[in-house]
Amino acid sequence: MQTALTAAFLAAALTLVGYGLLFGNLANIHSWFASPERGALGGFLAVFVTAPFWFVGFDTIPQSAEEASGELPPRRLGLLILGSIAAAAVFYCLLILSVAMAGDWREVASAPLATAEAFRRALGSDAASDLVLVAALLGLLTSWNGFFLAAARVLFAMGRGAVLPESFGSMHRKHGAPSAAVLWCGAVTALGCLLGRGAMLAFVNVGSFCIALAFLGVCQSAASLRVRHPRAVRPYEPPGGRLTAFAALGGATFILAAIALPFSPAALRWPLEWGILAALCASGAAAWAFGARVRSEVSDEARARLILGDSVHNLDSRATVRLDTGAKS
């Protein structure tokens, strides 16, 4: 289903991009950074802080890598991640350019669906507006289906690694899927729908905050591991090594500051967005407290083996000995 939806989305989106670039007008792009409400800097930040949400699909690759074919080498997974980010960047640039060229933003900004209105005016057809809505729907379905898959796999890994209750790490006897994690994600998603249409932008902003926070932890871990385990076997080494990790660390910190600081023009809004973030933090704290007994029964070394599997052998020899000792005890 995901493959079919993605193919349909690409066909619809690329058709719209092509029409916008061919039949649009470059004069419609002015002013480049106009934002009546927030000013140029505020308009820039308002879009920039949502970037983690739009680019986050790449993390579905490592989260579902365990289910990939055994013939897929780890290095190729690293290149696929970079390729997906590059493809997303090119796609978004073309999409923004085509929409900007399709219509004067001052005439369509007040419309309920500005992008659909821009293409309707540019092509003089309601069919163009309908195609925008179809592409948007397909984009949501593919993105959310990917998020659903990734979220269930993360919960499964945490359950299997004795971070959360072990029920999350169980597999369905018949279907071989992480049933408890899937049902939990389904329940949370259903409750999220009850927040209504107005919560869409809140999900994007709060989601960007949470994703940037996750980026911060991953980048810090990547930098730390290169200090603590310099001789580890790494199938893929990113260009720049530790420097790249620190640069990404700075970017994630900047995004978090832009979203969290109250004087920032892109700060989370009260009460809806801060309320959603508070609910997420509370649910995370409750899950952590609920899994305390499970975590206490497993040593850190054994948990590393449960999570990393055979990859623990890629650490340096001293760390591998320590993990082996912990597993035996």
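Quick notes on the rules
- Residues numbered from 1 in each chain as written.
- Predicted model: local features only at pLDDT ≥ 70, side-chain atom pairs only at ≥ 80, totals over all residues.
- Heavy atoms only, no water.
- Phe/Tyr/Trp six-rings, centres within 6.5 Å; stacked < 30°, edge-to-face > 60°.
- Helix = DSSP H or I, 4+ residues; strand = E, 2+ residues; numbered from the N terminus.
- Buried < 20%, exposed > 50% of the residue type's maximum accessible area, 1.4 Å probe, protein only.
- Lys NZ or Arg CZ within 6 Å of the ring centre and 35° of its normal.
- Expected span 1.5 Å × (residues − 1).
- Contact = heavy atoms within 4.5 Å.

## Regarding the packing of aromatic side chains
Two measures describe an aromatic ring pair: the distance that separates the ring centres and the angle between the ring planes.
Consideration 1: For the coordinates displayed, the defined rule picks out six aromatic pairs.
Consideration 2: An angle of 85° between the planes, with centres 6.2 Å apart, marks the rings of F168 and W184 as edge-to-face. One end of the pair, F168, is in the loop between α8 (126–160) and α9 (179–193); the other, W184, is in helix α9, with 16 residues separating them in the sequence.
Consideration 3: On the accessibility criterion, W184 (48% relative accessible area) is partly exposed.
Consideration 4: Through a chain of ring-to-ring contacts, the aromatic side chains of F9, F91 and Y92 assemble into a single cluster.
Consideration 5: A cation over a ring is seen here: R295 above W288, with NZ or CZ 3.4 Å from the ring centre.

## Quick look at α8
Consideration 1: Given a rise of 1.5 Å per residue, 35 residues ought to cover 51 Å, and the 51 Å separating the end C-alpha atoms of α8 matches this to within 8%.
Consideration 2: Positioned one or two residues after α8, A162 has a phi angle of 60°, which is positive.

## Focus on the side chain of S98
Consideration 1: Examined against the element boundaries, S98 turns out to sit in helix α5 (residues 74–102).
Consideration 2: Using a relative accessible area of 0% as the deciding quantity, one classes S98 as buried.
Consideration 3: Beyond its immediate stretch of four places on either side in the chain, S98 contacts V17, G20, L21 and F119.

## A closer look at unusual backbone geometry
Consideration 1: P271 follows W270 through a cis peptide bond whose omega is 5°.
Consideration 2: Even without being glycine, A162 reaches a positive phi, approximately 60°.
Consideration 3: Mapped onto the fold, A162 is located in the loop between α8 and α9.
Consideration 4: A relative accessible area of 6% places A162 in the buried class.

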